[in-house]
Amino acid sequence: MSVKRVTHKALEKLQSKAQKTLQRSLDQHVKLAVTGFSGSGKTAFITALVKHLTTQANSQNLPFFDVIREQRLIACKQVPQKALDIPTFDYTTASAHLMQTPPSWPPSTERINTLTLALKFQSRSGLRQHIANDHTLHLELIDYPGEWLMDLPLLNMTYEQWSRAQLDILSTPGYDTYCAAFLSALNQFDASVAINMAELDELSALYQSTLIQLKTHTKVAQLQPGRMLIPGDLAGAPIIQFFPLLTHGQYHDESQYKQLENRFEAYKKQVIMPFYKDHFCAFDRQLVLVDILGALNDGPATLAQTKLALKETVGMFQHGKSGLLQRLFKPKIDKVLFAVNKCDAVALPEQDNLTRLLHELLCEQENELKFSGVTVDTMTISSVKSCQSKQVNESGKTLHCVYGRPLSEPEYITYLPPEPPEHVLSASQWPQEGFNFLSFYPLPAHQGQLEHIRLDHTLQFLIGDKLT
Ligand SMILES: Nc1nc2c(ncn2[C@@H]2O[C@H](COP(=O)(O)OP(=O)(O)O)[C@@H](O)[C@H]2O)c(=O)[nH]1
Ligand SMILES: [Mg+2]
């Protein structure tokens, strides 16, 4: 009798243990790469994502996120991260900036940091719903300075190739004001003579100030090495003190040229490689945020360079194919979303133009990715709304305007933004007056609620299938 009871109990225990193990194996971990060049809106996006999932997860606010529309999301909260050696994303400070009166944008990112959210949900499909009442998806997010992303293509380049590409950019008409001093000093530089540390330091510093100028005044993305702009813990180290230089024949091992080439190679091996290996591989999903409005404001050269920079960086991930990163770190990204961010600064009927323009800029990459079995989509979003759309009647005509407080102004204004092109324009098709999309402060939170455009579509595409 007692033997029977024990056996029955043991069986129940075993069943429950098996159920727990199965449930654990069905609980999932998704690592989402939020990528984009500096200023594309990564930090604001992560802040908004956490805010909406933890405090605004209702079907009015996120109607196109299935788990929420179907009222299956039980709760979402920040949980301790797996990686103990990376600082935690400071959500409290970042969200405080958006929520304060008047609101401001979160500070820009100077280092890598991470945050993990646990989404507890009810399943309605497959095996899961029979195993347990609720399941948990862990969503891991990583924030880092966008400048460091732009270092990724260097892994595929020799010093000579990089120098040529970089000097091409510095010689772009329109950038002379920022680059002339460095280019003329470079003309005087003799690369064949013996190593002269003082001279290398001086020219590196001049190159660094050129990159800083370009970053301040243009939207050009290819500012390399990224650590010259955001050094992290490498400030002042010779490994980040190099600059592009054209070759003229052979150089001896102790020449200035060889020293620069060695620093470039050391930077690749000791800075870029470990960074991506430690933090930037094993992503499951990727969001690429693109600041097309900034590129349009800058002009045709910057738009063309944005296209190239996207091609180079997205190409490095080569999800599923045999790219360099694939061989090195085996990334396994199976879904990529390209999103034009900040679309709230464009009149509502013209926002679709941005999707079409992005699609055209990226058609080659999209094709490659799809061919490798990756699911790809393009979208126009705004993770934190900074403007309301507003219709104004003028002499019987309806004008589609935006209403917000520009960064340069003390007051709210109604502004008629330019119409963004649907296609890439050549220099001759470019409007003479250029484009002038304004940047605005975030809209004030209303009763503690932030507004977004298509954050729910974004979440559905990126993680919806993991929450069924
Ligand atoms: N209109 C609008 N502007 C945004 C949005 N997100 C970011 N921005 C602007 O872009 C700037 C850079 O954003 P940030 O998140 O720091 O970019 P990051 O460098 O990619 O992390 C902000 O200071 C804002 O001016 C958005 O959703 N809408
Ligand atoms: Mg940032």
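Residues numbered from 1 in each chain as written. Chains lettered and ligands numbered in written order. Predicted model: local features only at pLDDT ≥ 70, side-chain atom pairs only at ≥ 80, totals over all residues. Heavy atoms only, no water.

Labelled according to an unreviewed UniProt entry, the chain appears under the name Conserved protein YcjX with nucleoside triphosphate hydrolase domain protein, originating from Pseudoalteromonas luteoviolacea.

Draft legend 1. Representation of the domain arrangement of the chain in the model. In terms of domain boundaries, the chain breaks down into domain 1 (28–149 + 279–386 + 443–467) and domain 2 (157–278). The gap between the C-alpha centroids of domain 1 and domain 2 is 32 Å. Contacts between the two partners involve 25 residues from domain 1, matched on the other side by 22 residues from domain 2. Considering only the surface of domain 1 that becomes buried against domain 2, Glu147, Trp148 and Gln305 emerge as the three largest contributors, covering 33% of it. Connecting domain 1 to domain 2 are two salt bridges. (Domains from an automatic or database assignment. Contact = heavy atoms within 4.5 Å. Buried area = accessible area lost by both parts, 1.4 Å probe. Salt bridge = Lys/Arg side-chain N within 4 Å of Asp/Glu carboxyl O.)

Draft legend 2. Seen up close, the coordination of the magnesium ion (ligand 2). For the magnesium ion (ligand 2), every protein donor is listed as Thr43 (OG1) and Thr109 (OG1), and the spread of their distances is 2.1 to 2.2 Å. Pair noted here: Thr43 is in helix α2 (residues 42–55) and Thr109 is in the loop between α4 (91–99) and β3 (113–121), with a separation of 66 residues, a long-range link. For the pair shown, Thr43 and Thr109 are each scored as buried. (Donors = N, O, S within 2.8 Å, 3.2 Å for Na, K, Ca; no water. Helix = DSSP H or I, 4+ residues; strand = E, 2+ residues; numbered from the N terminus. Buried < 20%, exposed > 50% of the residue type's maximum accessible area, 1.4 Å probe, protein only.)

Draft legend 3. The site of ligand 1, seen in detail. In the vicinity of ligand 1 lie 16 residues, with Gly39, Lys42, Thr43, Ala44 and Asp344 positioned nearest. Backbone polar atom of Ser383 to an oxygen atom of ligand 1: 3.0 Å apart, as the coordinates give it. Here a nitrogen atom of ligand 1 sits 3.0 Å away from a polar atom, N or O, in the side chain of Ser386. Against a free-state accessible area of 580 Å², the protein chains account for coverage of 88% of ligand 1. For the shell around ligand 1, the per-class residue count stands at four nonpolar, nine polar and three charged. (Near = heavy atom within 4 Å. Polar contact = N/O pair within 3.5 Å; in protein donor to acceptor, adjacent residues only side chain to side chain. Areas by Shrake-Rupley, 256 points an atom, 1.4 Å probe, with all protein chains shown as cover. Nonpolar A, V, L, I, M, F, W, Y, C, P; charged D, E, K, R; others polar.)

Draft legend 4. Just helix α7 (residues 159–170), in detail. When the terminal C-alpha atoms of α7 are compared, their 16 Å separation across twelve residues agrees well with the 16 Å that a helix rising 1.5 Å per residue should span. For α7, the complete set of buried residues consists of Tyr159, Trp162, Ser163, Gln166, Leu167, Ile169 and Leu170. Each buried residue of α7 sits inside an arc of 150° when the element is viewed along its axis, so together they form one side. (Expected span 1.5 Å × (residues − 1). Arc of directions from axis to C-beta.)

Draft legend 5. Quick peek at the pairing of strand β4 (residues 135–143). The element β4 is largely enclosed, with a buried count of eight among its nine residues. Pairing analysis gives six bridges linking strand β1 (residues 28–36) to β4, with the strands arranged parallel. Pairing of Leu32 across the sheet is with Leu141, part of β4. Here β3 runs beside β4; their pairing, made up of nine bridges, is antiparallel. Along β4, the bridge assignment pairs Phe121 with His135. (Pairing = 2+ DSSP bridges.)

Draft legend 6. Looking closely at the environment of Asn297. Take Asn297: it is sitting in helix α12 (residues 292–298). Each C-alpha atom, one on Asn297 and one on Phe437, is 6.5 Å from the other, the two residues being 140 residues apart in sequence. Filtering out sequence-adjacent residues up to four positions away, Asn297 remains in contact with Phe435, Asn436 and Phe437.

Draft legend 7. Region of the structure containing the nonpolar core. In this structure, Phe243, Ile292 and Phe338 are the most contacted members of the largest nonpolar core, which totals 87 residues. The element best represented in this core is helix α11 (residues 256–279), accounting for nine residues. Shared between two domains, this core holds at least three residues of each, these being domain 1 (28–149 + 279–386 + 443–467) and domain 2 (157–278). Setting aside its immediate chain neighbours within four residues, Phe338 contacts Val288, Val314, Leu358, Leu362, Glu366, Leu369, Val376, Asp377, Thr378 and Met379. (Core = buried A, V, L, I, M, F, W, Y, C linked by side-chain atoms within 4.5 Å.)

Draft legend 8. Structural detail: the packing of aromatic side chains. Enumeration over the complete set of coordinates arrives at 17 aromatic pairs. Here the aromatic rings of Phe182 and Tyr207 are separated by 5.1 Å at their centres, their planes lie at 45°, and the arrangement is tilted. Of this pair, Phe182 sits in helix α8 (residues 176–188) while Tyr207 sits in helix α9 (residues 197–217), and the two are 25 residues apart along the sequence. When sorted by exposure, Phe182 lands in the same class as Tyr207, which is buried. Judged by centre distance (5.4 Å) and plane angle (65°), the ring pair of Phe242 and Tyr267 falls under edge-to-face. Residue Phe242 is found in the loop between α10 (226–229) and α11, and its partner Tyr267 is found in helix α11; the two are separated by 25 residues along the sequence. The class of Phe242 is buried, set by a relative accessible area of 0%. Overall, the relative accessible area of 0% leaves Tyr267 in the buried class. A cation over a ring is seen here: Lys31 above Phe283, with NZ or CZ 5.3 Å from the ring centre. Seen from the ring of Phe461, Lys335 lies directly overhead, with NZ or CZ sitting 4.7 Å from the centre. (Phe/Tyr/Trp six-rings, centres within 6.5 Å; stacked < 30°, edge-to-face > 60°. Lys NZ or Arg CZ within 6 Å of the ring centre and 35° of its normal.)

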